[in-house]
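The chain contents come next:
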Amino acid sequence: KMLMSSNHTIDKFVLLGLAESPDVQLLLFGVFLLIYVFTLLGNVGMMTLVRTDPRLHNTPMYFFLHHLSFTDACYSTVIMPNMLVSLISWNKDISFAGCVAQLYSFVFFGIVECCLLAIMAYDRYAAVCSPLRYAVMLPKMVCVCLVSTSYLLGFLYAAIYTGCTFGGPFCNSNVIDHFFCDIGPVLKLSCSDRFLREKVIFAFVSLNGISTSGIILISYLCILSAVLRMRSVQSRSKAFNTCASHLLVVSLFYGTGFFMYLQPSTSHNGLDKVAAVFYTLVTPLLNPIIYSLRNREVKEAFMKHVKSLCL
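As the structure is a prediction and not an experimental result, all values here were calculated from the model. (Residues numbered from 1 in each chain as written. Predicted model: local features only at pLDDT ≥ 70, side-chain atom pairs only at ≥ 80, totals over all residues. Heavy atoms only, no water.)

Participant: What should I look at first to understand the overall build of the chain in this one?
Facilitator: On a plain count of helices and strands, the chain comes out with eleven helices and three strands. Start at the N end of the chain and walk to the C end: the helices and strands fall as β-α-α-α-β-α-α-α-β-α-α-α-α-α. Seen along its three principal axes, the alpha-carbon backbone of the chain occupies a region of about 70 × 45 × 35 Å. Counting over 311 residues, the chain shows a buried share of 49%. The long-range share in the chain, meaning contacts at least 24 apart out of those at least 6 apart in sequence, stands at 78%. For the chain, the computed accessible surface area is about 15,400 Å², with 70% contributed by carbon and sulfur atoms. Charged side chains of the chain number 22 positive and 15 negative; the gap between the two group centres comes to 13 Å. (Helix = DSSP H or I, 4+ residues; strand = E, 2+ residues; numbered from the N terminus. Buried < 20%, exposed > 50% of the residue type's maximum accessible area, 1.4 Å probe, protein only. Contact = heavy atoms within 4.5 Å. Areas by Shrake-Rupley, 256 points an atom, 1.4 Å probe, with all protein chains shown as cover. Lys, Arg positive; Asp, Glu negative; His and termini not counted. Charge placed at Lys NZ, Arg CZ, Asp CG, Glu CD.)

And the structure:
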């Protein structure tokens, strides 16, 4: 490790990555390259379908899905290309400015994702529990305002987290024991008192996590109550399957995220990398499958475009 004295400024960091063995790195490169390709195909494909199909484009649910797909594609791209290059080269360096930009972008899209998942849970609540008032509850202007607020919150939270993470001198080491510039691993390198900065980050993570996951939980409890009142067994089963798959992905995203960010930087260990793989790589891959490809409208739109390309 490269140790730094307190009067020297770090101009780059070294990311240790996920594994040291060249054989394991090559295997991981192949796996993560496939994940990244399918993540881009799924999310860009979903965006294209919503953009080109008028019926999907004018429905609130798919308007939100379009932005979720955009967020997931960007969220993966912030981390994956740099990680893939480091897996097949000996160069593990990332510049100080690059590290700041990566952390800011990662937090920005992560916060937007949390907000969109909460909005989409409310959207499903409105569709299932108040189908006759659905169009009144979510007109186009309200949908645009909700999505715009998500991006605004992402901008503000990212500025706060990045400022707190890089707000002190780094004089212990420039080696980050992670595969990207994340809050905890970077904070561990700070040689100044980071107690206050950690408390600020903890407070904002708690605020965002509790508010968005609370909306999701309440929305799905209301949906569950409405589903249980359905007379048709087939309708009830379909609703249960849809809700269960949505909640599975949400639980994976929030569970691993809470594990990572609601603990002090001194408590971080090897499990952090495993948790990070799930909320940074697996969730963006699963979202287009769970939220869109299981829907009849998406399948119909997809087949319609395939037929138009074949003719």
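Participant: Mind showing me how you'd approach the pairing of strand 1 (residues 12-15) here?
Facilitator: For a regular strand, side-chain orientation follows a simple rule: the groups alternate between the two sheet faces. Judged from the three bridges that link them, strand 1 and strand 2 (residues 93-95) form a sheet pairing that is antiparallel. In the strand pairing of strand 2, Lys 12 is matched with Ser 95. In the sheet, strand 1 pairs with strand 3 (residues 175-176) via two bridges, with the strands oriented parallel. Among the inter-strand pairings, Val 14 is bridged to a residue of strand 3, identified as Val 175. (Pairing = 2+ DSSP bridges.)

Participant: Mind showing me how you'd approach the packing of aromatic side chains here?
Facilitator: The description of an aromatic ring pair rests on the distance of the ring centres and on the angle between the ring planes. Counted under the stated rule, the structure contains 18 aromatic pairs. Each ring, one from Phe 70 and one from Phe 109, has its centre 6.4 Å from the other, and the planes form 75°; the classification is edge-to-face. Taken as a pair, Phe 70 in helix 3 (residues 60-87) and Phe 109 in helix 4 (residues 96-129) lie far apart in primary sequence, 39 residues in all. With a relative accessible area of 33%, Phe 70 lands in the partly exposed category. Through a chain of ring-to-ring contacts, the aromatic side chains of Tyr 75, Phe 106, Phe 179, Phe 180 and Tyr 279 assemble into a single cluster. (Phe/Tyr/Trp six-rings, centres within 6.5 Å; stacked < 30°, edge-to-face > 60°.)

Participant: Just to check I follow, could you spell out the state of the cysteines for this structure?
Facilitator: In a disulfide, the sulfur atoms of two cysteines are held together by a covalent bond. According to the stated counting rule, one finds one disulfide in the structure shown. Left without a disulfide partner, Cys 74 is nearest to the cysteine sulfur of Cys 115, which lies 16 Å away. The thiol of Cys 143 is not disulfide-bonded; the next cysteine sulfur, from Cys 145, is found 9.3 Å away. Judged by relative accessible area, which is 2%, Cys 143 ranks as buried. (Disulfide = S-S within 2.5 Å.)

Participant: How do you make sense of the nonpolar core when you look at a structure like this?
Facilitator: Taken as a class, soluble globular proteins show a tendency for nonpolar side chains to be buried jointly. Counting residues in hydrophobic clusters, the biggest one holds 85 residues, and the most contacted among them are Phe 13, Phe 32, Phe 106 and Tyr 279. By residue number, the principal contributor to this core is helix 4, which donates 17 residues. Sequence-distant contacts of Tyr 279, that is, excluding residues within four places in its chain, are made with Tyr 75, Phe 106, Phe 180, Asp 182, Phe 253, Thr 256, Gly 257, Met 260, Tyr 261 and Pro 284. (Core = buried A, V, L, I, M, F, W, Y, C linked by side-chain atoms within 4.5 Å.)

Participant: Just checking my understanding: could you explain the UniProt feature "transmembrane region" (unreviewed entry) in the chain for this structure?
Facilitator: Residues annotated by UniProt as "transmembrane region" (unreviewed entry) correspond here to residues 26-50, 62-83, 103-122, 134-160, 200-227, 239-262 and 274-293. Secondary structure across residues 200-227 comprises 100% helix and 0% strand; the distance between its end C-alpha atoms is 40 Å. (UniProt positions renumbered as here; feature names shortened; annotations may be inferred.)

Participant: I tried to follow the sheet that holds strand 3 on my own but got confused; where do I start?
Facilitator: Spatially, three strands are ordered 2-1-3 in an open sheet, and the strand pairing comes out mixed. Two strands bound the open sheet, and with one partner strand each, they are strand 2 and strand 3. Relative to the sheet, helix 4 contacts strand 1, strand 2 and strand 3, its axis offset from that of strand 2 by approximately 85°. (Axes fitted to C-alpha atoms, helices over the stretch in contact; angles between N-to-C directions.)

Participant: Sorry if this is basic, but what is going on with a nonpolar patch on the surface here?
Facilitator: A surface patch of nonpolar side chains, amounting to about 470 Å² of accessible area, comprises Leu 33, Leu 34, Val 37, Phe 38 and Leu 41. Along the polypeptide, Leu 41 turns up in helix 1 (residues 22-52). Classification of Leu 41 as exposed rests on a relative accessible area of 55%. (Patch = residues over 30% accessible without salt bridge, like charges linked within 9 Å, V, L, I, M, F, W, Y side chains within 5 Å. Salt bridge = Lys/Arg side-chain N within 4 Å of Asp/Glu carboxyl O.)

Participant: Just checking my understanding: could you explain the side chain of Thr 256 for this structure?
Facilitator: With respect to the helices and strands, the residue Thr 256 is situated in helix 9 (residues 233-261). By relative accessible area, which is 13% here, Thr 256 ends up buried. Separated by 3.3 Å, the side chain of Thr 256 and the backbone oxygen of Phe 253 make a polar contact. (Polar contact = N/O pair within 3.5 Å; in protein donor to acceptor, adjacent residues only side chain to side chain.)

Participant: Hey, could you run me through empty space enclosed by the protein in this one?
Facilitator: For the structure shown, the criterion picks out three cavities of 30 Å³ or more. The calculated volume of the largest cavity comes to roughly 280 Å³. Residue lining of the largest cavity: 18 residues in total, with Ile 111, Cys 114, Asn 208, Gly 257 and Tyr 261 positioned closest to the centre. Split by residue class, the lining of the largest cavity holds 14 nonpolar, four polar and no charged. (1 Å grid on protein atoms, 1.4 Å probe; cavity = no way out; pocket = protein on both sides within 12 Å on 5 of 7 lines; lining within 4 Å. Points joined across faces, edges and corners; volume = space filled by probe spheres on them. Nonpolar A, V, L, I, M, F, W, Y, C, P; charged D, E, K, R; others polar.)

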